[in-house]
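Residue-level structural notes
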Amino acid sequence: MVIKTATFVKSSGKWQECPEPNMPEYAFIGRSNVGKSSLINAMMNHKDLAKTSGTPGKTQLINHFLVNENWYLTDLPGYGYAKVSKVQRKDFEKLITNYILNRRNLVNLFVLIDSRHSPQKIDLEFIQWCGESGVPFSIVFTKADKLKPNVAIQNVEAYKNELLKTWEDLPETYLTSAEKKEGCEEILNFIQTTNEFLENNSVSFDE
Ligand code: GTP
Ligand code: MG
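Every chain is numbered on its own, with residues counted from 1 as its sequence reads. Lettering for chains starts from A, numbering for ligands starts from 1, and both go in the order in which the items are written. Owing to the predicted nature of the model, reporting of local features is limited to residues with pLDDT of at least 70; listing and counting of side-chain atom pairs is limited to 80 or more, with chain, interface and lining totals taken over all residues. Side-chain figures throughout are based on the complete set of non-hydrogen atoms in the structure, without hydrogens or water.

What to know about the site of ligand 1
Any residue with a non-hydrogen atom lying within 4 Å of a molecule or strand is treated as near it. As a structural note, the neighbourhood of ligand 1 is formed by 22 residues, with Lys36, Ser38, Thr59, Asp145 and Ala178 the closest of them. For the purposes of these results, a polar contact is taken to be a pair of N or O atoms within 3.5 Å, where, inside protein, one atom must be able to donate a hydrogen and its partner to accept one; residues adjacent in sequence count only when each atom of the pair is a side-chain atom. Between Asn33 and ligand 1, the recorded distance is 3.0 Å, taken from a backbone N or O atom to an oxygen atom. One nitrogen or oxygen atom from the main chain of Gly78 is found 3.4 Å from an oxygen atom belonging to ligand 1. In isolation ligand 1 has 660 Å² of accessible area, and contact with the protein removes 86% of it. What sets the accessible areas is the Shrake-Rupley method with a 1.4 Å probe; for residues, cover comes only from the shown protein chains.

Right, dumping it as structure tokens:
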């Protein structure tokens, strides 16, 4: 997909404040610091459309970007950030889960996982929750440039094997690097194909 335009629309503190749900929407979620905002910038070919930081907890609101005037890309706050109070963490969780469960134009959630680590409980639990809640999602492995290519591939395989312990079918997976812009085209192709399907089937998000 060619990105002709990508513009920041707004930051929202709750799902009710998000832009009119009149276009297909795709959201990035994952642990704090996993590389959500960086990958959005890489996909959009834009250095700082989404704000990134070496310190976890940078993105604290739901950020909407309008792409090619016809779909939304959403940057969500990370989950599991340890350095905030329990109450604050619960608030973030509520913000995220309410958004996911109520945003009626949300077509697919991209769950980002750091390709360097072995499967972590918090991510597996989140993926489980998506399954139980009927949320369509794909898994995006990040920061592949930090590993030797064969190690990155091995880690992805190990992750899939872990998922296969509880899942019959695996979701789509992508191996990416925001640094090297790897995997961006594949994700954009998936979005384009999905958008075309929705258009051809006259899917509308009106209530
Ligand atoms: P929060 O908004 O805090 O939840 O974090 P985030 O998931 O949006 O992460 P962000 O994109 O801000 O990136 C966190 C750190 O990881 C930054 O220092 C990035 O430069 C770095 N980073 C992100 N993606 C990559 C990547 O593909 N390769 C490398 N080498 N570093 C990356
Ligand atoms: Mg961020």
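Here we look at the state of the cysteines
In this description, a disulfide is simply a cysteine sulfur pair whose atoms lie within 2.5 Å. A full pass over the atoms with the stated rule returns zero disulfides. Between Cys18, a free cysteine, and Cys130, which holds the nearest cysteine sulfur, the sulfur-to-sulfur gap is 17 Å. A simple rule labels every residue: compare its accessible area, found with a 1.4 Å probe on the protein chains alone, to the largest value its type can have, and call it buried under 20%, exposed over 50%, or partly exposed in between. For Cys130, a relative accessible area of 0% corresponds to the buried category.

Remarks on the packing of helix α1 (residues 36–44) against helix α5 (residues 184–200)
Where α1 contacts α5, the axes come no closer than 9 Å and their chain directions differ by 80 degrees. Comparing the axis directions of α1 and α5 gives the class roughly perpendicular. Taking contact as the criterion, the partners of Leu39, Ala42, Met43 and Met44 in α1 are, on α5, Cys184, Ile187, Leu188 and Ile191. Along the lines of polarity and charge, the residues of the contact of α1 with α5 split into eight nonpolar, no polar and no charged. To get an axis, fit a line to the C-alpha atoms, keeping to the stretch in contact for a helix; angles then go from 0 to 180 degrees between the N-to-C directions. Under the DSSP-based scheme used, a helix requires at least four consecutive residues in state H or I and a strand at least two consecutive residues in state E, with every element numbered from the N terminus. Should an angle fall under 35 degrees it is taken as roughly parallel, and over 145 as roughly antiparallel, whereas 65 to 115 is taken as roughly perpendicular and any remaining angle as oblique. Here, residues are in contact when the closest pair of their heavy atoms is within 4.5 Å. Each residue gets one label: Ala, Val, Leu, Ile, Met, Phe, Trp, Tyr, Cys and Pro are nonpolar, Asp, Glu, Lys and Arg are charged, and the others, such as Gly, are polar.

Focus on the pattern of salt bridges
Oppositely charged side chains can pair when the atoms bearing their charge come close. By salt bridge we mean one thing: a side-chain nitrogen of Lys or Arg within 4 Å of a carboxyl oxygen of Asp or Glu. Inspection of the entire model under this criterion finds six salt bridges. Ionic pairing is found between Lys160 and Glu157, a salt bridge with its closest N-O pair at 3.8 Å. With Lys160 and Glu157 both in helix α4 (residues 149–163) and three residues apart, the pair spans about one turn of that helix. Salt-bridge contacts for Lys165 lead to Glu162; the nearest nitrogen and oxygen are separated by 3.2 Å.

Brief notes about α4
With 15 residues, α4 ought to run about 21 Å at 1.5 Å a step, and its terminal C-alpha atoms sit 21 Å apart, in line with that. All buried positions along α4 are accounted for by Ala152, Val156, Tyr159 and Leu163. Viewed end-on, α4 has its buried residues packed into an arc of 60 degrees, placing them on one side of the element. Tucked inside the fold, the buried residues of α4 contact β5 (106–114), α3 (121–133), β6 (137–142) and β7 (173–175). What a helix is expected to span follows from its residue count: subtract one and scale by 1.5 Å. Each direction from the helix axis to a C-beta atom contributes to the arc, which is the arc of those directions.

Here we look at the pairing of strand β3 (residues 62–67)
Extensive coverage of β3 is indicated by the burial of six of its six residues. Of the two faces of β3, the one holding Ile62, His64 and Leu66 and the one holding Asn63, Phe65 and Val67 are both buried throughout. Any two strands with at least two DSSP bridges between them are considered paired. Taken together, the six bridges between strand β1 (residues 6–12) and β3 define a ladder with antiparallel strand orientation. Along β3, the bridge assignment pairs Ser12 with Ile62.

Digging into helix α2 (residues 86–102)
The end-to-end C-alpha distance of α2, which contains 17 residues, comes to 24 Å, matching closely the 24 Å that a straight helix rising 1.5 Å per residue would cover. Those residues of α2 lying buried are Phe92, Leu95, Ile96, Tyr99 and Ile100. One face of α2 carries all of its buried residues, which in axial projection span an arc of 120 degrees. In α2, the exposed positions angled more than 90 degrees off the buried face are occupied by Lys86, Val87, Lys90 and Lys94. Of the surrounding elements, those touching the buried residues of α2 are β2 (25–30), β3, β4 (71–75), β5 and α3.

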